[in-house]
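# Architecture and fold: a report
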Amino acid sequence: MMIQNHEKTETDSDAMTTGQKKFLRRQQLCKLYIFWSRILILAGFLLLWQVSSDFGWIDRFYFSSPIAIAQLFWHDITNMSLLSHIGITLLESGVSFLLIILFSVLIATFFWFYPSLGEMFEPFLIILNSLPKSALAPLIIVWLGTGPRTIILCGMSVGIFGCILNLYQSFAQTDPERLKLIETLGGTKLQTFTKVVFPGNIPTFISLSKVNIGLALVGVIIGEFLAGRKGLGYLIIYGSQVFKLDMVILSIVILCTIAMGIYGLLNLLEKKIS
């Protein structure tokens, strides 16, 4: 009887293991299906775009074509002109993003330590976050002139107010039971923040970083539209003014690639931390 029960347990265990393997296999196949579907959709779009341009279904002057854009990309890469513009935009976006994160963490932390100040300034942050950031850019140019400082500040203005608000609200909504436990054990407010509040909000911090890297890039492009002499935003404006639409579309494609790459890096960071 005991031998039969033991054999039955082993059979159930083997069956469960087989089921788990089938489930994991289905998950892998699903991921591969999604990956290759995306590749096929992109390839189909590019093929349709090229064929439409070759057969005159769309005006090549306005819509260009994948081959023309690839040729322009290769030409600008070989003479190093495009790399300098990409580097400038990446540098300005990176600095804007880091300053957004730094100031947001500092200000949200300060508001958590002094909740009355947080409540006092919250309506003003909501108003500034609701304001169209393109309206601030001309003022920033008048105050600071043209140049990298202005562009970096434009990049910061797009994301910093929302980041402060979300981070402060996340800090304020930390599990009260954990806070009470630290207080019961005699922990100080600084220990409460460093041991419970900040570590508990790291997933929120990563999520906000995903959003703000894109917002910083948007703000930098707006700044380069108005005050830049280099960068992808400048290329977009210059290309539209002289009707070099190949240049405009190429710059937009590069911006999409940069945003996708940065988002992928943040996803990897999130997986490692979690």
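One can find the structure itself at the top, above this paragraph.
Nothing here was measured: the structure is a model prediction, and the numbers come from that model.

In terms of regular secondary structure, the protein chain is built from twelve helices and zero strands. Beginning at the N terminus, the succession of helices and strands in the protein chain can be written as α-α-α-α-α-α-α-α-α-α-α-α. Against the globule reference of 19 Å for 274 residues, the protein chain gives a C-alpha radius of gyration of 26 Å, more extended than a compact globule. Each principal axis of the C-alpha distribution contributes one length, and for the protein chain these read about 85 × 60 × 30 Å. Expressed as a percentage of the 274 residues in the protein chain, the buried residues total 34%. A separation of at least 24 residues holds for 71% of the contacts in the protein chain among residues at least 6 apart in sequence. When the accessible surface of the protein chain is summed, it comes to about 17,600 Å², and 70% of that surface belongs to carbon and sulfur atoms. If the 20 positive side-chain charges of the protein chain are averaged to one point and the 16 negative ones to another, these points end up 3 Å apart.

With that out of the way, let us pick up the environment of Gly214. Relative to the helices and strands, Gly214 is located in helix H10 (residues 202-227). For Gly214, a relative accessible area of 29% corresponds to the partly exposed category. C-alpha of Gly214 to C-alpha of Gly200: the two residues are 14 residues apart in sequence and 24 Å apart in space.

Counting 27 residues, the largest nonpolar core has Ile100, Leu125, Ile160, Leu167, Phe171 and Val197 as the members making the most contacts within it. Looking at this core, the elements with two or more residues in it are helix H4 (81-113), helix H7 (148-172), helix H8 (176-184), helix H9 (189-200) and H10. No other element matches the ten residues that H7 contributes to this core. Setting aside anything within four residues of it in sequence, one finds Leu167 in contact with Ser104, Val105, Ala108, Phe205 and Leu208. Core analysis: the second largest hydrophobic core is formed by 18 residues, Ile69, Ile77, Ile236 and Leu250 among them.

Moving on, we get to a nonpolar patch on the surface. Taken together, the side chains of Leu29, Leu32, Phe35, Trp36 and Ile39 present a nonpolar region at the surface, about 500 Å² in accessible area. Structurally, the position occupied by Leu29 is in helix H1 (residues 2-54). Residue classification places Leu29 among the partly exposed residues on the basis of a relative accessible area of 43%.

Our focus in this paragraph is the packing of aromatic side chains. On inspection of all chains with the given rule, the structure shows 17 aromatic pairs. The interplanar angle of 50° and the centroid separation of 6.4 Å between the aromatic rings of Phe110 and Phe111 together place this pair among those described as tilted. Pairing Phe111 with Tyr168 gives two aromatic rings, centres 5.7 Å apart and planes at 75°, and the pair type is edge-to-face. Here Phe111 is found in helix H4, whereas its partner Tyr168 is found in helix H7, with 57 residues between them in sequence. Tyr168 matches Phe111 in its accessibility class, with the two residues each being buried. The cationic tip of Lys189 hangs over the ring face of Trp112; the distance from NZ or CZ to the ring centre is 5.2 Å.

Thresholds, definitions, all that
- Residues numbered from 1 in each chain as written.
- Predicted model: local features only at pLDDT ≥ 70, side-chain atom pairs only at ≥ 80, totals over all residues.
- Heavy atoms only, no water.
- Helix = DSSP H or I, 4+ residues; strand = E, 2+ residues; numbered from the N terminus.
- Rg over C-alpha atoms; globule rule 2.2 N^0.38 Å.
- Buried < 20%, exposed > 50% of the residue type's maximum accessible area, 1.4 Å probe, protein only.
- Contact = heavy atoms within 4.5 Å.
- Areas by Shrake-Rupley, 256 points an atom, 1.4 Å probe, with all protein chains shown as cover.
- Lys, Arg positive; Asp, Glu negative; His and termini not counted.
- Charge placed at Lys NZ, Arg CZ, Asp CG, Glu CD.
- Core = buried A, V, L, I, M, F, W, Y, C linked by side-chain atoms within 4.5 Å.
- Patch = residues over 30% accessible without salt bridge, like charges linked within 9 Å, V, L, I, M, F, W, Y side chains within 5 Å.
- Salt bridge = Lys/Arg side-chain N within 4 Å of Asp/Glu carboxyl O.
- Phe/Tyr/Trp six-rings, centres within 6.5 Å; stacked < 30°, edge-to-face > 60°.
- Lys NZ or Arg CZ within 6 Å of the ring centre and 35° of its normal.

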